[in-house]
Amino acid sequence: VPFGVFVNFGAERDGMVHISQIAPWRIEDPADVVSPGQAVRVRLLDIRDDGKLQLTMKGLNPDIAPPADAGFSGKMPDEGGIYEGKVVSIRNFGAFVNFGFARDGLVHVSQMADYHVSDPEDVVSVGDKVKVLVQSVEPSGRIALTFKGDGLGVLEEV
């Protein structure tokens, strides 16, 4: 299925690994990483009220390697570090930037400019090349980025 994979791991029902829980790098199609019948390791994340089982594969399958063009280094960035990356998606609260690390970082709308920004698409577009400063890396893996600072922001528009 395009949104993830179902895994039979010996429970009464199959569990679902959402596409965001298959690998620590961004994937567009689960079939690029796993195939039907392939043995994988999973961990139970949650049992929903409706009985559905939510699973993760992240960090459990070292034999599954990122493709060379994934832009994934396998590590996390340094707080205070300045990096170049590409805007990969935009939401009403900000823009996600892939800059070669284990997770995409978020430039919150409040960190896009020194003035009030209502709509992130007024500042960036998907595919824009940007320069960001890493504000924080949370234990959960969330990466907070900013465009505020000299030389930061959009370098090249699409």
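Residues numbered from 1 in each chain as written. Predicted model: local features only at pLDDT ≥ 70, side-chain atom pairs only at ≥ 80, totals over all residues. Heavy atoms only, no water.

**Section: the nonpolar core**
- Ranked by size, the top nonpolar core spans 20 residues in total, and within it Phe99, Met112, Val124, Leu145 and Phe147 carry the most contacts.
- The set of elements that each furnish at least two residues to this core consists of strand S5 (82-91), strand S6 (94-98), strand S8 (129-137) and strand S9 (143-146). (Core = buried A, V, L, I, M, F, W, Y, C linked by side-chain atoms within 4.5 Å. Buried < 20%, exposed > 50% of the residue type's maximum accessible area, 1.4 Å probe, protein only. Helix = DSSP H or I, 4+ residues; strand = E, 2+ residues; numbered from the N terminus.)

**Thoughts on the sheet that holds strand S4 (residues 53-56)**
- The 4 strands lie next to each other as S1-S2-S4-S3, forming an open sheet whose pairing is mixed. Edge positions in the sheet fall to strand S1 (4-7) and strand S3 (43-47), since each of these pairs with one other strand and no more. Within the sheet, the average angular offset between the axes of one strand and its neighbour, ignoring direction, is 35°. (Pairing = 2+ DSSP bridges. Axes fitted to C-alpha atoms, helices over the stretch in contact; angles between N-to-C directions.)

**Considering the pairing of S4**
- One ladder, built from 3 bridges, connects strand S2 (residues 15-18) with S4; its direction is parallel. Bridge assignment links Gly15 to a residue of S4, and that residue is Leu53.
- Here 4 bridges tie S3 to S4, and the two strands are oriented antiparallel to one another. The residue of S4 that forms the bridge with Leu44 is Leu55.
- Turn length for the S3-S4 hairpin, with the two strands adjacent in sequence and antiparallel, is 5 residues, and the turn residue Gly51 shows positive phi of about 90°.

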